Amino acid sequence: MTTAPETGRLLVDGTGMLCVTLLLHLRERIRDAAPDTIVHVIVTDPAAPLDLPAWCHLTGHSYLGLLPRHRTDQTVYALRIAADAAPTRSGAPWHRAPS
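Here we summarise the structure given alongside this text. Remember, it's a predicted structure, so these values are computed and weren't measured experimentally.

Some words on the overall build of the protein
Right, on to step 1. Helices and strands together make up the secondary structure of the protein, namely 2 helices and 7 strands.
Right, on to step 2. Mapped in sequence order, the helices and strands of the protein form the string β-β-α-β-α-β-β-β-β.
Right, on to step 3. Whereas a compact globule of 99 residues would reach a radius of gyration of roughly 13 Å, the protein reaches 13 Å, a difference of no more than 12%.
Right, on to step 4. Expressed as lengths along the three principal axes of its C-alpha atoms, the size of the protein is roughly 40 × 30 × 20 Å.
Right, on to step 5. Taken over 99 residues, the protein has a buried fraction of 35%.
Right, on to step 6. Sequence-distant contacts, at least 24 apart, represent 62% of the contacts inside the protein between residues at least 6 apart.
Right, on to step 7. Once the 9 positive and 9 negative side-chain charges of the protein are each reduced to a mean point, those two points are 3 Å apart.

Topic: unusual backbone geometry
Right, on to step 1. Although it is not a glycine, Asp36 adopts a positive phi angle of roughly 75°.
Right, on to step 2. As for its placement among the helices and strands, Asp36 is situated in the loop between helix H1 (19–30) and strand E3 (38–43).

Focus: the pairing of strand E2 (residues 9–14)
For a regular strand, side chains alternate in direction, first toward one face of the sheet and then toward the other.
Right, on to step 1. Burial along E2 is one-sided: Leu10, Val12 and Gly14 are buried, and none of Arg9, Leu11 and Asp13, which face the opposite way, are.
Right, on to step 2. Sheet analysis places E2 next to E3, joined by 6 bridges and oriented parallel. What sits directly across from Arg9, in E3, is Ile38.
Right, on to step 3. Each parallel crossover has a hand, and the one from E2 via H1 to E3 is right-handed.

Topic: the state of the cysteines
Right, on to step 1. Considering all chains together, one arrives at 0 disulfides under this definition.
Right, on to step 2. Here Cys19 is not cross-linked by a disulfide; its sulfur's nearest cysteine counterpart is in Cys56, at 11 Å.
Right, on to step 3. Exposure remark for Cys19: the relative accessible area of 9% places this residue in the buried category.

Digging into the pattern of salt bridges
Right, on to step 1. Here the structure, examined in full by the defined rule, presents 1 salt bridge.
Right, on to step 2. When the shortest N-O distance is used, the salt bridge between Glu28 and Arg31 registers 2.0 Å.

Parameters at a glance
Residues numbered from 1 in each chain as written. Predicted model: local features only at pLDDT ≥ 70, side-chain atom pairs only at ≥ 80, totals over all residues. Heavy atoms only, no water. Helix = DSSP H or I, 4+ residues; strand = E, 2+ residues; numbered from the N terminus. Rg over C-alpha atoms; globule rule 2.2 N^0.38 Å. Buried < 20%, exposed > 50% of the residue type's maximum accessible area, 1.4 Å probe, protein only. Contact = heavy atoms within 4.5 Å. Lys, Arg positive; Asp, Glu negative; His and termini not counted. Charge placed at Lys NZ, Arg CZ, Asp CG, Glu CD. Pairing = 2+ DSSP bridges. Right-handed = clockwise from strand over helix to strand, strands pointing away. Disulfide = S-S within 2.5 Å. Salt bridge = Lys/Arg side-chain N within 4 Å of Asp/Glu carboxyl O.

Listed below in structure tokens is the structure:
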């Protein structure tokens, strides 16, 4: 993970992770990120194009979509951190945490 506070960007490398593991890893990495931080997520899981926007919708983060390829061996998606994101259960990123 690389962060550059002056630009409000964060890189999360999910290479080799299946979706649930990727979402748990992503959730951990963005936990302390400021609202409006742009997060670039490197993925290899073929389900990511469906799972990332669905997870963003569930939590309230803004899904920004697929980024143009800078390297042919990486697929990168972007999202924007919401100030009022809904938390998810500790081991279940597809379920909102009880209020």
